[in-house]
Amino acid sequence: HAFKEGVLANGLFLERLFWRTNPNCPAVLTEGSVVANTLSGLFAEAVRRAIAEEAAWSEVSLVDWRKACVITSAKQCDKHHYTKDGYVAFLKTLQVMVPM
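Fair warning: this is a prediction, and the values are worked out from it, not measured in the lab.

Each value, and the rule that gives it
- Residues numbered from 1 in each chain as written.
- Predicted model: local features only at pLDDT ≥ 70, side-chain atom pairs only at ≥ 80, totals over all residues.
- Heavy atoms only, no water.
- Helix = DSSP H or I, 4+ residues; strand = E, 2+ residues; numbered from the N terminus.
- Buried < 20%, exposed > 50% of the residue type's maximum accessible area, 1.4 Å probe, protein only.
- Contact = heavy atoms within 4.5 Å.
- Phe/Tyr/Trp six-rings, centres within 6.5 Å; stacked < 30°, edge-to-face > 60°.
- Salt bridge = Lys/Arg side-chain N within 4 Å of Asp/Glu carboxyl O.
- Expected span 1.5 Å × (residues − 1).
- Arc of directions from axis to C-beta.
- Polar contact = N/O pair within 3.5 Å; in protein donor to acceptor, adjacent residues only side chain to side chain.
- Patch = residues over 30% accessible without salt bridge, like charges linked within 9 Å, V, L, I, M, F, W, Y side chains within 5 Å.
- Areas by Shrake-Rupley, 256 points an atom, 1.4 Å probe, with all protein chains shown as cover.

Trainee: For this particular structure, what's the right way to read the overall build of the chain?
Mentor: Looking only at helices and strands, the chain has four helices and four strands in total. Put simply, the chain runs from its N terminus to its C terminus through helices and strands in the order α-β-α-β-α-β-β-α. Taking all 100 residues of the chain together, 27% fall into the buried category. Taking all contacts inside the chain whose residues are at least 6 apart in sequence as the whole, residues at least 24 apart take part in 66%.

Okay, here's the thing in structure tokens:
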């Protein structure tokens, strides 16, 4: 809410506001930080709940990359970066939100 007010107060136009979740990368604990994946999961749950229940988040559109791109092997994720398949999943998810 404060972000939107700040943008508008400075004369900028805000057509839509998006929040993007992160996939569960790294899914394989030996391939990266267990903390990053755990925190990303908690953030995703909190944002999903906020958008569904809180007025301040009512105008936020969720690009739920975490739901669209489930990492099941180390080949899908290079430590904390995503391979081509991960980015394709993100673009498909974003395309649903922003039709061209």
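Trainee: Looking at this model, I keep getting lost on the packing of aromatic side chains. Mind explaining?
Mentor: Working definition: an aromatic ring pair is given by the centre-to-centre distance plus the angle between the planes. A complete count under the given rule lists two aromatic pairs for this structure. Each ring, one from Trp19 and one from Trp57, has its centre 5.4 Å from the other, and the planes form 65°; the classification is edge-to-face. Placement of the pair is Trp19 in strand 1 (residues 17–20) and Trp57 in the loop between helix 2 (34–53) and strand 2 (60–63), with a sequence separation of 38 residues. Given a relative accessible area of 38%, Trp19 falls into the partly exposed group.

Trainee: Would you take a moment to explain the pattern of salt bridges for this structure?
Mentor: As a working rule, side chains carrying opposite charge can pair if their charged atoms are close by. Applying the stated rule across the entire model yields two salt bridges. In this structure, Glu59 and Lys4 form a salt bridge, with 2.5 Å as the shortest nitrogen-oxygen distance. On the criterion of sequence distance, the pair formed by Glu59 in the loop between helix 2 and strand 2 and Lys4 in helix 1 (residues 2–9) is long-range, its members being 55 residues apart. For Glu59, a relative accessible area of 55% corresponds to the exposed category.

Trainee: What's the story with helix 4 (residues 84–97) in this structure? I'm lost.
Mentor: Note on helix geometry: an α-helix contains 3.6 residues per turn, so any two residues three or four positions apart are oriented the same way. In this model, helix 4 (14 residues) spans 20 Å end to end at C-alpha, consistent with the 20 Å of a helix rising 1.5 Å per residue. Of all the residues in helix 4, the buried ones are Gly86, Ala89, Phe90, Thr93 and Met97. Down the axis, helix 4 shows its buried residues gathered within 100° of arc, on one side only. Among the exposed residues of helix 4, those oriented more than 90 degrees off its buried face are Lys84, Asp85, Leu91 and Lys92. Residues of helix 4 that are buried in the fold lie against strand 1, strand 2, helix 3 (65–68) and strand 4 (81–82).

Trainee: Would you take a moment to explain the side chain of Thr21 for this structure?
Mentor: Position of Thr21 among the secondary structure elements: in the loop between strand 1 and helix 2. Among the polar contacts listed, one links the side chain of Thr21 to the backbone nitrogen of Arg66, at a separation of 2.9 Å.

Trainee: I would appreciate a short explanation of a nonpolar patch on the surface in the present structure.
Mentor: Residues Val35, Leu39, Leu42 and Phe43 make up a contiguous nonpolar surface patch of roughly 390 Å² in combined accessible area. Position of Val35 relative to the elements: it lies in helix 2.

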